Every structure is written in structure tokens, then in C-alpha cells.
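Listed below are the residues making up each chain.
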Amino acid sequence: MSIAADEFGDLLLGIDTGGTYTDGALVDYTTRKVISTTKTLTTRHDLTQCVKAALERLTVQHPTQIKLVSISTTLATNAIAEGRGGRVALALIGYDPELIEAYHLAERFGTRLFRYFRGGHDLQGDEQAPLEEEAIVRWITELAENREIDAVAVSSYFSPLNDEHEERVYRALTQATDLPIVLGHELSMDLNSVERATTATLNASLLAILKDFIAAVAGAMSQQSLNAPLMIVKGDGTLVSAAAVARRPVETVHSGPAASAVG
């Protein structure tokens, strides 16, 4: 369906990429009137193609009219359901290796690439040992240079009570690599350290998928001369900038279902 877009003022452009189809819509910002819609097959091998096809079919005659591009996707949800995901290195700070081994908890982490480091805090939020920050950076940098991982998860003991060590590692790693990073305390305030580490790993495994998708959308927008802000639908139905997703990408899980509910 299409109506001449030049009859309207500021426009909003929305794209939803699912496992099978990619849908697009142009909406008038003021009246919320739907100007144009489209549907095309999702090209999983190259998401740029389906996003580009959706943009072209929406016939944006004046790119400067587009004031906001909003994206939602079920790619992360589908990856969980299908057992797909990226390779994750999990840094465990302040965890007790003997305890983990005694209760066979390591199998819950969701990755075989995990390593223990000194640091973490106690139940009062006090530092229980100095953080092995440099050792973590060396380990992750080596894995990244050898292209053995797609993302990093960091979980520090009692980080919900004191997130200092996780934040320090995040700052250090962002200077050493451009890999996506998930911090345990951002996902859960539960004091169960094993579950928090597992949650961080699971979400980190989805980051490469989302990162590639955002890059595909940005590339397609550039080809269409669209310079509008790129926003992503979060799991609660609100919007977050694409730049912010790099900091807390887990918030976009369930983006597709949330967008459907809002719609």
C-alpha cells in the first residue's frame, strides 16, 4: 500500500525483521496516518538485503522527511528458540572454582570458554580481593585476536551489591576490543551468582546477531541517504538509541513481540 509521501510533513519509518518476513511502514508523525507499508522475505544470510528491499519499496521520495527510524526484530528470540548464538567468553570474578566443581555448576554457564579471576565483593559490598583487571584484558584480547569469540560476559561475585569490578572490566575491555560486552549486574539483581553468570552468557551469545542486524540497517539507511536517528524497540515496548544498544543490548530481547503488542 502506498500514498504519495510528499503530501505529508515529518515522517516516521518503522521496520520489523522477523525470522521469515521483514515488514516496513511509513507513518505521518502528526496524524499517525499510515502512508505506505511493505512486506518482504527476510534474507538471513545477509540482512542488509531485506532491509534495503523494505526501504526501497516504501518509496521514500524525500529522505529529509524521515525524522526517526524505529526497528524491532524477533531475531534474538528466534535464536534462543533455535539454539543458535555467538561464541562467548565468560569472565568469573571472585567465584570459587572448587565450589563450582563440587556441585557440577560449570555446565550451567552456557559456554566452555570461562575463566576464574581474583576480585569480587562480599555480602557487605566490600572488596574481597584486588581485581585481576589486566589478566582479564589479556585473556579476552588473545581470544578476540584469534577470532575465537563473538562476545564477552562478565560476572563478579556479589556485583548486585557492588558493581565496581564489573564496570572496571567493562571500561578496560572497551579500550582493548570492539566486541559486545554484557555485565551480570545489568541483567539481574538476584544474588544467585551462577544464575547471573548464566544469564549474562546467554544474552551475550545473542549480541553478535543484534550487532550485525543494526549494522545492516545502518548500511541500508546510508544507501537510501537516510540520516534520521536509528532507534530500537526494547523488550518493554519503549525505544532506545542504536548507540545505547551497544551498552545494554540485552534490553532488546523480545523486541519483536513487544512491538507487536504496542502496535
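In the block above lies the structure referred to throughout.
Residues numbered from 1 in each chain as written. Predicted model: local features only at pLDDT ≥ 70, side-chain atom pairs only at ≥ 80, totals over all residues. Heavy atoms only, no water.

A.B. asks: Requested: an account of the packing of helix H4 (residues 133-145) against helix H5 (residues 164-176), with residues and values cited.
C.D. replies: Contact geometry of H4 with H5 gives a least axis separation of 10 Å together with a crossing angle of 40°. In terms of orientation, H4 and H5 fall into the oblique class. Relative to H5, the crossing made by H4 is right-handed. Contact residues: Glu 133, Ile 136, Val 137, Ile 140 and Thr 141 in H4; Arg 168, Val 169, Ala 172, Leu 173 and Ala 176 in H5. (Axes fitted to C-alpha atoms, helices over the stretch in contact; angles between N-to-C directions. Helix = DSSP H or I, 4+ residues; strand = E, 2+ residues; numbered from the N terminus. Parallel < 35°, antiparallel > 145°, perpendicular 65-115°, else oblique. Left-handed = near helix turned anticlockwise from the far one by under 90°. Contact = heavy atoms within 4.5 Å.)

A.B. asks: If you had to explain the side chain of His 121 to someone new, which residues and values would you point to?
C.D. replies: Among the secondary structure elements, His 121 is positioned in the loop between strand E6 (114-117) and H4. Judged by relative accessible area, His 121 falls into the buried class, the value being 1%. For His 121, the side chain forms a polar contact with the side chain of Asn 162, separated by 3.4 Å. Residues in contact with His 121, not counting those within four places in the same chain, are Asp 126, Glu 127, Gln 128, Tyr 157, Phe 158, Asn 162, Glu 164 and His 165. (Buried < 20%, exposed > 50% of the residue type's maximum accessible area, 1.4 Å probe, protein only. Polar contact = N/O pair within 3.5 Å; in protein donor to acceptor, adjacent residues only side chain to side chain.)

A.B. asks: How would you sum up the sheet that holds strand E2 (residues 21-28)? Please name residues and give values.
C.D. replies: Strand order across the open sheet formed by six strands is E3-E2-E1-E4-E9-E10, with mixed pairing between neighbours. If you trace the sheet from one side to the other, it starts and ends with strand E3 (34-41) and strand E10 (239-241), each paired once. On average, adjacent strands in this sheet sit at an angle of 25° to one another, irrespective of strand direction. Here three bridges tie strand E4 (residues 66-73) to strand E9 (residues 230-233), and the two strands are oriented parallel to one another. The partner of Ser 70 across the bridge, within E9, is Met 231. The strands that helix H1 (residues 47-57) touches are strand E1 (11-17), E2 and E3; relative to E3, the one it contacts most, it runs at about 150°. Packing of helix H7 (residues 193-223) onto the sheet brings it into contact with E1, E4 and E9, and relative to E4 it is tilted by some 150°. (Pairing = 2+ DSSP bridges.)

A.B. asks: Would you mind going over the sheet that holds strand E5 (residues 88-93) in detail, with residue names and values included?
C.D. replies: Read from one edge to the other, the open sheet built from four strands follows the order E6-E5-E7-E8, with strand pairing classed as parallel. What marks the edges here is a single partner per strand, and that holds for E6 and strand E8 (181-183). In this sheet, adjacent strand axes meet at a mean angle of 20° when their direction is disregarded. As defined by bridge partners, strand E7 (residues 151-156) adjoins E8 across three bridges and the pair is classed as parallel. Residue pairing in the sheet places Val 154 in a bridge with Leu 183 of E8. Set on the sheet, H4 makes contact with E5, E6 and E7; between it and E5 the angle comes to about 170°.

A.B. asks: Provide a residue-level description of unusual backbone geometry, including the pertinent values.
C.D. replies: A positive phi angle is found at Arg 32, which is not glycine, with a value near 65°. Checked against the element boundaries, Arg 32 lands in the loop between E2 and E3.

A.B. asks: Hey, could you go over H4 for me, with residue numbers and the actual values?
C.D. replies: Since the α-helix turns once every 3.6 residues, residues separated by three or four places project in the same direction. For H4, built from 13 residues, the straight-helix expectation of 18 Å at 1.5 Å per residue is met to within 8% by its first-to-last C-alpha distance of 18 Å. Every buried residue of H4 is accounted for by Ala 135, Ile 136, Val 137, Trp 139, Ile 140, Thr 141 and Leu 143. The elements touched by buried residues of H4 are E5, E6, E7 and H5. Backbone geometry just after H4 places Arg 147 at a positive phi near 55°. (Expected span 1.5 Å × (residues − 1).)

A.B. asks: Pulling in residues and values, what's your account of the packing of H1 against H7?
C.D. replies: Look at H1 against H7: their axes get within 8 Å of each other, and the N-to-C directions meet at 40°. Here H1 lies oblique to H7, going by the angle between them. Between H1 and H7 lies a crossing whose hand is right-handed. The residues of H7 that touch H1, namely those facing Leu 47, Thr 48, Val 51, Lys 52 and Leu 55, are Phe 213, Ala 216, Val 217, Ala 220, Met 221 and Gln 223. In terms of residue class, the contact of H1 with H7 is built from eight nonpolar, two polar and one charged. (Nonpolar A, V, L, I, M, F, W, Y, C, P; charged D, E, K, R; others polar.)

A.B. asks: An account of the pattern of salt bridges is needed here, citing residue identities and associated values.
C.D. replies: Here the structure, examined in full by the defined rule, presents five salt bridges. Across the pair Arg 87 and Asp 150 runs a salt bridge, and its minimum N-O distance is 3.2 Å. On the criterion of sequence distance, the pair formed by Arg 87 in the loop between helix H2 (75-82) and E5 and Asp 150 in the loop between H4 and E7 is long-range, its members being 63 residues apart. Residue class for Asp 150 comes out partly exposed when judged on its relative accessible area of 24%. Between Arg 118 and Glu 132 there is a salt bridge, and its shortest N-O distance comes to 3.4 Å. (Salt bridge = Lys/Arg side-chain N within 4 Å of Asp/Glu carboxyl O.)

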